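Topology and contacts: notes
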Amino acid sequence: TKKDGLVGFGDFEVIYNGDNLGTDTYPTNAGTYAVVVKVEEGDNYTGATLELGNLTISEKSITENDVEVTLPTTWDEADEDKDYDYETVYNGEVQKLTSAIIKTGITGVIEEKYYFANGTNADGSIKWQAFGENEYPQNAGLYKAVVISNGTVNYTGTVTLEYTYKITPRQITFKIDDKGSI
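Let me sum up the structure you'll find in this document.

**Quick word on the sheet that holds strand 10 (residues 108–120)**
Ordered in space as 7-8-14-12-10-11, the 6 strands form an open sheet in which the pairing is mixed. Each edge of the sheet is formed by a strand with only one pairing partner; in this case those strands are strand 7 (76–77) and strand 11 (126–130). Where strand 10 and strand 12 (residues 141–151) come together, 9 bridges link them in antiparallel fashion. Within strand 12, the position partnered with Val 109 by the bridge is Asn 150.

Below is the structure:
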């Protein structure tokens, strides 16, 4: 900005990497910007150019707080003694996350992967097998949803969130109609 009381010099501009963004606009993306201030000649002062050096804006690491996952309303938290986080009853519908997004203002790529329990490993842990592309859990069983978020542009790093859940078998109920048949 101009110092109060100074008159008689021309317009000035701040230039980042050769681009005149104006005096009220600044770079916002991660990167290194050469900063130059240029003052035009006026009635009382000659013009001048001052190379100030570089302005560096660093990338921010993406965190779990930058990712928003919405679980289906039919999923209930499992008891602490269970080896899974959530449970739901079989209803014939695909059971997957309602949504997984990166919050507004954060740049990145998000991917969802689904796995089903397929036995146990030698150490007793669950052996997970991936579903094929565009395949999702539907039947009774133990499953895992994995959300992988990779930062882009101004964000770096990867966040991985895992949700294990069990689809329990639905209880069969019988209803006898007026004719006495099942």
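**What about the pairing of strand 3 (residues 31–39)?**
Both strand 1 (residues 12–16) and strand 3 contribute to a ladder of 5 bridges, which runs antiparallel. Each bridged residue has a counterpart across the sheet, and for Phe 12 the counterpart in strand 3 is Val 39. Looking at chain direction, strand 3 and strand 4 (residues 48–57) are connected through 9 bridges and run antiparallel. Among the inter-strand pairings, Ala 34 is bridged to a residue of strand 4, identified as Asn 54.

What counts and how
Residues numbered from 1 in each chain as written. Predicted model: local features only at pLDDT ≥ 70, side-chain atom pairs only at ≥ 80, totals over all residues. Heavy atoms only, no water. Pairing = 2+ DSSP bridges. Helix = DSSP H or I, 4+ residues; strand = E, 2+ residues; numbered from the N terminus.

Honestly, it's all geometry; don't read function into it.
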